[in-house]
Amino acid sequence: MKIILEHVTRIEGHASLSVMLADGRVHSARLKYEEGARLFEGILRGRKYFDAPTITSRICGVCPSVHNITAIRAMEGILGIQVDPVTEKLRRLMILAQWIQSHSLHAFFLALPDYLGAESAITMARDNPEEVASALILKKLGNDMVYAIGGRAVHPITTMIGGFSNLPPASRLANMRQRLQAALPEATRLARLTGSLDVPDFSRQTTYLALQRPDEYAYYDGDVCSTEGYCSTPDDFCSTLREEIKPNMAAKAGLHEGKGFFTGALARVNLSSELLDETAGSILADSGHAFPSNNTFLNTFCQTVELVHALMLSIKLINELLAGELEEGKTAVGAMEVNVAGEAGVKIAAIEPRAGTGVAATEAPRGTLYHSYTIDGEGLITDDNIITPTAQNLTNIEDDIDRFVDERRDWEPTDLIQGIERLVRAYDPCVSCATH
Amino acid sequence: MGASKPEIPESQDSSGQSVLPELQGWLREIAADHRLFITAAKGGNRIFEEFSPDCKPVTGLPQERTLLPVKKVFLPPSEPLFEFSRGGIEAPPTPENTVVFGLHVCELSADRLLAANMAHDRPDFPYMARRSQSLMIGVSCRRTSGCFCEKTGHDHLAPGEYDLFLHLDDPEHPRLAVGSDAGRELAANAPFPVEDPGGDVIAPAAAAPERWPLEALPEKMHDSFGAVMWDELATRCLGCGNCTIVCPLCYCFYTRDETELDPANGRRLRLWDSCQLLAFARVAGGHNFREARSERIWYRFSHKFMRTWDTFGAAGCSGCGACFHFCPVGIGPRQVIAGVLQVTTNSQDAGGNP
Amino acid sequence: MKQGPGPEPEGRIDISKNPGGKLRVGIFPLTSDAGCQLEFLNLQDDLLALAKAVDILHFPMARAFNVDGPFDVVFVDGVPARRDELEILREVRRNTKVLASLGSCSSFGGVPAAQRFHDLGDLKKYVYRGMEDLDTLEILPISNYVRVDLQLRGCPASKWEIMETLTALIAGRLPQLKTYPQCIECKIKENRCLLIEGQPCLGPITRAGCGVVCPSVGVPCDGCRGPTEEPNLTSAVEILLRGTTYPDLIRKFQKFCSLSPEYQEMFDRWRETQ
Amino acid sequence: MAKLSDIPPREYNTPHNEYLPEEARVLSTTELAPGIRHFVLEFVDPARKEAFSFCSGQFMQVSLLGIGEAPISICSPPTIRGTFEICVREAGNLTGALHRLRQGDTLWVRGPYGQGFPLAEMAGRDLIFIGGGIGLAPLRSAIDCAVCLNDEFGELTVLYGARTPELLLFTDEYDTWRQHGRVETIVDEAPPGWQGRTGVITTLFDAVDLKPENTSALICGPPVMFSFVLGRLKELGFADADIFISLERHMRCGVGKCEHCVVESFYTCRQGPVLSIGQIRGISSALR
Ligand SMILES: Cc1cc2nc3c(=O)[nH]c(=O)nc-3n(C[C@H](O)[C@H](O)[C@H](O)COP(=O)(O)OP(=O)(O)OC[C@H]3O[C@@H](n4cnc5c(N)ncnc54)[C@H](O)[C@@H]3O)c2cc1C
Ligand code: SF4
Ligand code: SF4
Ligand code: SF4
């Protein structure tokens with residue numbers, strides 16, 4: 001008999017679970033991303049290079065800034081544009097803010113209710129008002145940071161190829177810094193709480209892939225490295241990655257060297273935990289969980305650790321910006337479709353489109369995101385490929401489900417199905433990204 | 001930009017015009033016991049801004065016109081007429097004494113006309129509560145390209161039509177003219193030679209100082225209703241409403257109720273409207289009394305040159321040129337009035353009002 | 001009355017809410033980026049109060065238990081991109097008094113509707129290497145399939161409009177969504193005018209409601225909220241071309257609201273010149 | 001003409017906040033026709049109730065807090081003191097919400113506003129009332145006033161048209177009115193079995209005889225009705241100064257500030273809604 005769970009709830013987007021029963025017990029289960037194809041890669045062709053950042057940000061409402069900035073960086077690579085340090089710092093801040101936004105949403109509103117026995121954050125608010133209040137503070141902080149720099153909480157506006165259309169006033173950044181500092185204790189408390197929760201005893205040997213840099217906990221750039229010693233540029237990685245088309249599903253599953261792999265917070269922690277900020281590192285160390293770990297369920301905890309890390313790093317970046325770099329006129333105002341005087345009065349040299357191919361990779365909250373474009377001499381996109389974390393993870397999710405079911409054949413089906421749902425949720429899948 | 005628009009002069013900050021250091025101290029003193037508005041730079045425009053300690057100083061006098069006229073101080077873009085709750089309705093408190101610094105001759109003249117309109121017949125309480133407690137300080141203007149107050153009659157002020165006026169004809173020797181009793185009090189601490197009582201103030205003359213035949217315009221406007229010139233304008237007009245929002249003598253509004261999650265709490269708001277919008281004259285059931293864009297344009301100019309004249313004997317256009325400057329397609333009163341003056345009475349081919 | 005909904009909906013909208021009870025709200029996702037649903041969650045300050053004031057009965061992104069109706073108001077996020085989503089949509093229409101499209105995807109087809117400027121077979125071949133049996137549906141606004149009472153436009157939908165819709169329905173009035181152009185609010189904010197500076201800003205022909213967020217940070221409006229009532233496109237295009245090229249301008253109109261009826265004539269003319 | 005110099009803004013003392021409505025109670029409400037309700041109202045404040053007076057043809061700004069505000073004509077005669085009546089067609093937000101009010105509920109009103117029918121100047125003359133649809137509401141105020149002041153006027157004639165028979169308003173009062181003159185009705189479309197007339201309102205002129213030189217005409221109805229009726233009155237020899245028409249326009253403030261209701265140099269709210277044809281002669285946009 002087959003049961004279909006129409007909606008795996010509390011995830012970003014629409015996925016279903018079909019469960020095969022035999023003799024009253026779960027035999028196997030399959031996850032399906034249920035959203036239709038929007039065919040972003042197709043509709044980008046024939047567009048101008050400057051359309052890619054705004055259009056691709058619409059792939060996903062949870063991590064639009066990451067899509068946006070990744071597309072911008074890929075285009076800048078092709079066009080040979082170097083940005084100034086202020087631009088880079090503000091972009092880094094936006095990615096960290098996106099982590100704060102997304103991780104607090106997933107960890108506290110989507111995943112945590114499972115562990116606190118609540119049906120949703122709304123019911124959780126009744127029994128755990130303090131936790132929910134803290135989580136809301138963090139979520140709002142992430143939103144407000146993206147808003148302050150990007151001009152809007154969902155789908156940033158100010159980010160341009162070459163720079164920003166508008167710089168946040170120093171007073172706003174100072175205010176952000178103050179709020180970040182105030183939020184630290186809340187984040188730390190919630191991360192410690194998440195670390196103390198009972199996670200299912202589950203472990204499966206797999207490959208973990210993430211960006212890596214020798215000098216920092218990579219998130220903005222770096223090489224693609226695995227826990228098995230693989231390391232290469234994003235460019236090379238994209239050409240070796242295989243994307244498997246699944247029958248009648250608008251998402252492609254990632255295969256690296258013929259196998260599924262894991263990308264996301266757990267992969268980053270497994271690869272670079274020693275580069276975490278001190279406070280974040282100590283939460284990890286104090287949790288009693290050993291890293292590297294093969295327990296998928298710990299991904300949520302790793303997200304909360306990264307949340308603390310992102311707060312600390314944001315404060316550091318704002319300190320640097322406010323120490324003098326962020327003076328009006330010190331950064332180029334980004335180029336739009338036309339090149340006219342910006343508010344600060346900086347005239348931008350016109351961008352001359354030129355043919356070429358470029359790849360950029362960023363650590364999105366859910367794992368490594370790749371954007372690859374080819375444009376022609378007029379600046380029109382002729383070829384493109386966008387590889388999202390949730391798509392990459394699909395093979396691994398399926399393998400995890402198989403193992404999970406295998407180990408728990410004797411469980412009551414309802415419990416087991418709930419367990420599978422939790423397992424899926426631990427990946428923090430984003431179906432919109434996966435199907436784009 | 002299209003050839004139809006003249007070059008906009010540099011922003012006032014870099015204009016190299018006189019900066020009066022002594023002015024800042026005086027303004028600071030006024031701000032101590034008044035709600036003071038001064039002019040400040042924003043995005044290449046001049047705007048009225050509430051004075052605060054870290055406010056940018058007033059520089060580059062004389063200056064250009066502001067983006068939004070002074071009406072925004074007395075008739076805010078959005079204001080609650082009253083708040084309501086289970087306890088009934090309550091009008092918001094009346095603001096304390098206001099001083100506005102930096103108005104040009106045409107702005108002062110327009111402000112007076114707007115005040116007269118609001119006071120006329122049944123007065124507009126929220127506006128009058130603010131305006132009647134306020135004091136206006138004028139400043140000599142630098143003629144902005146595209147302004148034409150000499151054509152509309154808003155190019156001079158008599159004493160009583162200003163409270164104070166800072167003459168900067170000779171920037172080395174500023175003088176402060178006193179125009180009212182209230183102004184006299186403020187002038188006591190002014191760091192400028194005071195002229196008391198001050199005389200008439202006249203705006204700098206334009207190259208072609210020719211007044212429009214304002215007395216004849218109401219009839220001309222009436223006759224031009226339905227004339228083809230309005231259809232021609234309508235093919236260009238975007239209906240964006242920029243012109244009415246920046247006009248010192250446009251003041252129409254709509255009202256809207258807003259509630260909180262508990263519907264017993266909320267407010268009745270009034271918000272700026274624009275007669276250039278399709279929905280302006282639409283009534284329930286869908287009938288629209290000014291369906292055609294051409295009629296809406298006619299309507300705007302008929303307000304300025306017909307209705308206001310008929311009611312107050314003054315033109316409802318100060319000649320500031322803001323609407324022209326901020327119109328993306330460059331429609332402005334000079335071109336329109338030139339057209340209206342050419343529509344011959346009862347000319348059938350022009351399709352005018354019978 | 002005047003700043004009310006744009007095109008008169010056919011028939012009256014049933015704004016009576018469930019008598020004596022709380023407003024019953026559903027949020028139904030179809031294929032989308034979920035950004036508009038996030039704007040719901042981003043109501044943060046009001047979210048807890050909102051959860052108390054209304055019954056959010058269906059919101060799979062946030063809740064584990066979801067009810068299928070009846071509702072007083074349902075917000076539909078996204079477009080039907082697969083056949084089975086049409087069933088959901090029709091079912092939703094049957095179970096609610098007021099149906100609101102949430103965002104430009106459900107109102108206009110949004111960014112994905114740009115598929116129509118390509119050959120669908122080619123697109124599928126390009127993206128999925130020949131998997132032509134993939135269940136796809138031509139991207140069309142939800143009003144193509146069911147009656148839509150309210151359009152909350154924008155990419156993403158504006159929080160202000162979401163709150164106005166909810167508070168209005170709670171109070172028993174039709175929400176006053178703005179129908180006037182962006183420029184009105186842009187001027188009120190005393191922004192510099194990008195169009196006059198020569199940048200291709202779609203503000204004068206785009207409906208307000210987002211808070212002119214783009215021009216306020218120096219970026220020309222991209223028209224994500226779709227056209228105003230009776231936009232003067234011919235004149236606008238002429239002005240816009242001071243700051244951009246014709247192909248780039250057409251692509252701009254094709255970005256978010258390519259299915260809005262007002263634009264079609266322009267696209268047709270463009271196709272002819274190709 | 002007001003002069004600018006008459007109004008020095010600084011010395012101006014604002015006496016009264018025109019925009020604050022006052023609470024009134026629904027004494028009774030009945031459905032007159034499908035989608036049209038009649039309300040009898042009184043001010044909650046006894047002093048205001050005592051002092052309130054108005055003219056036939058004037059309107060009130062009626063509102064519900066949190067819903068909105070709209071101009072609604074008073075449909076009771078000024079001869080009734082202490083209470084006043086309105087008649088509301090459900091057309092949207094406010095009117096829809098008004099229909100949900102029940103006896104004892106309260107609503108908010110301000111006014112009266114505008115110029116009514118100059119009944120005092122019509123003393124001694126015959127009156128003809130020509131109404132269409134909900135336009136009978138302000139006319140009913142004037143009719144009842146004329147009925148009440150029986151001796152002051154000559155003969156009364158009421159010509160009234162509606163879309164369907166069931167939409168004819170105040171039908172149970174026609175008999176009273178007939179004691180002072182004639183009442184003729186007509187509908188656009190009727191179900192089988194309808195005994196009355198169908199057709200356009202101008203055909204009713206054939207059923208009555210009028211003394212145009214000694215008759216004043218009072219008109220209220222949808223704009224489409226105006227041109228036909230006016231054409232007919234002209235043919236009959238009515239002078240422009242003896243024809244009074246109540247105009248409907250979009251209105252927000254009611255006091256000539258919001259600019260919505262303007263027709264050329266007229267504020268419909270302040271100088272109207274009742275205007276004589278003499279006053280609007282030559283203004284082609286007035287009667288559309
Ligand atoms: C001087 C004067 C006197 C008047 N006297 C009277 C009178 O005596 N009696 C009378 O009845 N009227 C009278 N009117 C007309 C009355 O003012 C209008 O009917 C009223 O303004 C409508 O207001 P509202 O808030 O109900 O409509 P709004 O909500 O403003 O409705 C406007 C439009 O919104 C839309 N709308 C609103 N709600 C819905 C919904 N639920 N579903 C679909 N669409 C909707 C409709 O398209 C409607 O056409 C008078 C008008 C004037 C100017
Ligand atoms: S109509 Fe134009 S020129 Fe005249 S006052 Fe208004 S904005 Fe200034
Ligand atoms: S910047 Fe754009 S939205 Fe703002 S006024 Fe100019 S054209 Fe209108
Ligand atoms: S300004 Fe234009 S593009 Fe930007 S959010 Fe608003 S409608 Fe969309």
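Reference entry: report on the structure contained in this document.

What counts as what
- As a convention, each chain's residues are numbered from 1 in the sequence order in which they are written.
- Chains and ligands are labelled by the order in which they are written, letters from A for the one and numbers from 1 for the other.
- Reporting in this predicted model follows two pLDDT cut-offs: at least 70 for local features of residues, and 80 or more for side-chain atom pairs to be given and counted; totals over whole chains, interfaces and linings ignore these cut-offs and use all residues.
- In computing side-chain properties, one takes all heavy atoms of the structure into account and sets aside hydrogens as well as water.
- For this analysis, residues touch if any pair of their heavy atoms sits within 4.5 Å.
- Buried area is understood as the total, over both parts, of accessible area removed when two parts are fitted together, assessed with a 1.4 Å probe.
- Salt bridges are identified by distance alone: a Lys or Arg side-chain nitrogen within 4 Å of an Asp or Glu carboxyl oxygen.
- Counted as a polar contact is a pair of N or O atoms within 3.5 Å, where, for protein atoms, one must be capable of donating a hydrogen and the other of accepting one, and residues adjacent in sequence contribute only when both atoms are in side chains.
- Under the DSSP-based scheme used, a helix requires at least four consecutive residues in state H or I and a strand at least two consecutive residues in state E, with every element numbered from the N terminus.
- The residue classification treats Ala, Val, Leu, Ile, Met, Phe, Trp, Tyr, Cys and Pro as nonpolar and Asp, Glu, Lys and Arg as charged. All others, Gly included, are polar.
- Proximity criterion: a residue is near a molecule or strand once any of its heavy atoms comes within 4 Å of it.
- DSSP-based pairing: two strands are paired if at least 2 bridges between them are found.
- Axes here refer to lines fitted to C-alpha atoms; in helices the fit is confined to the stretch in contact. Angles between the N-to-C directions go from 0 to 180 degrees.
- Two cysteine sulfurs form a disulfide in these notes if their separation is within 2.5 Å.
- Under the scheme applied here, a residue whose accessible area is under 20% of the maximum for its type counts as buried, over 50% as exposed, and between as partly exposed, the area being computed with a 1.4 Å probe on protein chains only.
- For classification purposes, an angle smaller than 35 degrees is called roughly parallel, one larger than 145 roughly antiparallel, one from 65 to 115 roughly perpendicular, and anything else oblique.
- What makes a crossing left-handed is the near helix being turned counterclockwise from the far one by less than a right angle; a clockwise turn instead makes it right-handed.
- Here, nonpolar core means buried Ala, Val, Leu, Ile, Met, Phe, Trp, Tyr and Cys residues that are tied together by side-chain atoms lying within 4.5 Å of each other.
- Working definition: rings of Phe, Tyr and Trp (its six-membered ring) pair if their centres are within 6.5 Å, and the pair is stacked with planes under 30 degrees apart, edge-to-face with planes over 60 apart, and tilted otherwise.
- Working rule: Lys NZ or Arg CZ, within 6 Å of ring centre, within 35 degrees of ring normal, means a charge sits over the ring.

1. Remarks on the interface of chain A and chain C
Listed by partner, the interface residues are 75 residues for chain A and 66 residues for chain C. Surface buried jointly by chain A and chain C totals about 5800 Å² across both partners, of which 59% is contributed by carbon and sulfur atoms. Summed over the shared surface of chain A and chain C, the number is 3 salt bridges. A salt bridge links A:Asp51 to C:Lys255; the shortest N-O distance between them is 3.4 Å. Where chain A meets chain C, there are 21 residue pairs in polar contact (both at pLDDT 80 or more). The set of elements that each furnish at least two residues to the side of chain A that touches chain C consists of helix H1 (40–44), helix H2 (51–57), helix H4 (85–115), helix H5 (121–127), helix H6 (129–150), strand E9 (242–245), strand E14 (381–387) and helix H14 (431–435) of chain A. Across the side of chain A that touches chain C, the residue classes tally to 32 nonpolar, 20 polar and 23 charged.

2. Quick word on the site of ligand 4
As a structural note, the neighbourhood of ligand 4 is formed by A:Arg152, C:Gln182, C:Thr206, C:Cys210, C:Val213, C:Cys214, C:Pro215, C:Cys221, C:Asp222, C:Gly223, C:Cys224 and C:Arg225. Chains contributing residues to the immediate surroundings of ligand 4 are chains A and C. At 3 residues, the largest contribution of residues to the shell around ligand 4 is made by helix H9 (residues 213–216) of chain C.

3. Considerations on the sheet that holds strand E3 (residues 25–33) of chain A
All names here are of chain A. If you walk across this open sheet you meet the 3 strands as E1-E2-E3, and the pairing is antiparallel. At either end of the open sheet lies a strand with only one pairing partner, and these are strand E1 (2–5) and E3. Direction aside, neighbouring strands of the sheet carry axes that sit 20 degrees apart on average. As judged from the 8 bridges shared by strand E2 (residues 15–22) and E3, these two strands associate in the antiparallel manner.

4. Some details on the site of ligand 2
As a structural note, the neighbourhood of ligand 2 is formed by B:Phe148, B:Cys247, B:Pro248, B:Lys304, B:Cys317, B:Ser318, B:Gly319, B:Cys320, B:Gly321, B:Ala322, B:Cys323 and B:Pro333. Of the residues contributing to the shell around ligand 2, the split by class is 8 nonpolar, 3 polar and 1 charged.

5. Observations concerning the state of the cysteines
The tally for this structure, following the rule as stated, stands at 1 disulfide over all chains. Here A:Cys225 connects covalently by a disulfide to A:Cys231, the sulfurs 1.9 Å from one another. Between A:Cys225 and A:Cys231, the S-S dihedral sits near 50 degrees, and the bridge is therefore right-handed. On the basis of relative accessible area, A:Cys225 is assigned to the buried category, the value being 3%. D:Cys75 provides the cysteine sulfur closest to D:Cys87, a residue in no disulfide bond, and the two sulfurs are 5.2 Å apart. No disulfide involves D:Cys253; its nearest neighbouring cysteine sulfur is the one of D:Cys258, lying 3.9 Å away.

6. A short note on the packing of helix H12 (residues 389–407) of chain A against helix H13 (residues 413–426) of chain A
Helix-helix packing is described using two parameters, namely the angle between the two axes and the distance between the axes. All names here are of chain A. Put simply, H12 and H13 touch, their axes get as near as 10 Å, and they point 150 degrees apart. When the axes of H12 and H13 are compared, the pair comes out roughly antiparallel. For the pair H12 and H13, the crossing hand works out as right-handed. Where H12 approaches H13, its residues Ile397, Asp400, Ile401, Phe404 and Val405 are matched on the opposing element by Leu416, Gly419, Ile420, Leu423 and Val424. Looking at the contact of H12 with H13, its residues break down into 8 nonpolar, 1 polar and 1 charged.

7. So, the pairing of strand E8 (residues 164–167) of chain B
All names here are of chain B. A two-sided burial pattern is seen for E8, the buried positions comprising Leu164 and Leu166 on one face and Phe165 and His167 on the other. Of the pairings in the sheet, the one linking strand E6 (residues 134–139) to E8 comprises 3 bridges and is parallel in character. When the bridges of E8 are listed, Val139 appears paired with Leu166. Two elements, E8 and strand E9 (residues 175–178), share 4 bridges in a ladder whose sense is antiparallel. Bridged to Leu164 within E9 is Val178.

8. A closer look at the interface of chain C and chain B
Bring the parts together and some accessible area is lost; that lost area is often taken as the interface size. The partner chain B presents 49 residues to the 36 residues of chain C that form the contact. Both faces combined, the contact of chain C with chain B buries some 3600 Å², and carbon together with sulfur accounts for 60% of it. Applying the counting rule to chain C against chain B returns 5 salt bridges. The interface formed by chain C and chain B holds 15 residue pairs in polar contact (both at pLDDT 80 or more) in total. Taken together, the elements giving at least two residues each to the side of chain C that touches chain B come down to helix H2 (44–53), helix H6 (159–171), helix H7 (182–188), helix H8 (194–197) and helix H10 (233–240) of chain C. When the residues that make up the side of chain C that touches chain B are grouped by side-chain class, the tally is 19 nonpolar, 6 polar and 11 charged.

9. A word on the nonpolar core
Core analysis: the largest hydrophobic core is formed by 294 residues, its most contacted members being A:Tyr33, A:Tyr373, A:Ile401, B:Trp230, B:Phe305, C:Phe75 and C:Phe253. Sorting elements by how many residues they give to this core places H4(A) first, with 16 residues. Setting aside residues no more than four positions away along its own chain, C:Phe253 makes contact with C:Leu202, C:Ile205, C:Leu233, C:Val237, C:Leu240, C:Ser258, C:Tyr263, C:Met266 and C:Phe267. Within the second largest apolar cluster, 34 residues are counted, among which are D:Leu136, D:Tyr160, D:Phe170 and D:Tyr174.

10. Points about the packing of helix H8 (residues 228–236) of chain B against helix H12 (residues 333–342) of chain B
Residue and element names in this part refer to chain B. Their axes nearest at 10 Å, the elements H8 and H12 cross at an angle of 155 degrees. The orientation of H8 with respect to H12, classified from their angle, is roughly antiparallel. Judged by residue contacts, Met229, Trp230, Leu233 and Arg236 of H8 engage Gln335, Val336, Gly339 and Val340 from H12. Of the residues assigned to the contact of H8 with H12, the class counts are 5 nonpolar, 2 polar and 1 charged.

11. Looking at the packing of aromatic side chains
The description of an aromatic ring pair uses the distance of the two centres, along with the angle that the planes make with each other. Tallying each qualifying case throughout the model produces 36 aromatic pairs over all chains. Residues A:Tyr208 and A:Phe262 carry aromatic rings whose centres are separated by 5.3 Å and whose planes lie at 45 degrees to one another, so their mutual orientation is tilted. With A:Tyr208 in strand E6 (residues 207–212) and A:Phe262 in strand E11 (residues 261–262), the pair connects residues that are 54 residues apart, well separated along the chain. Grouping residues by exposure puts A:Tyr208 and A:Phe262 together as buried. The rings of A:Phe202, A:Phe297, A:Phe404 and A:Trp411 are connected pair by pair, giving a single aromatic cluster. The ring of B:Tyr299 carries the charged tip of B:Arg290 above its face, separated from the ring centre by 3.8 Å. Stacked on the ring of B:Phe324, the Lys or Arg B:Arg334 has its end atom at 5.8 Å from the ring centre.

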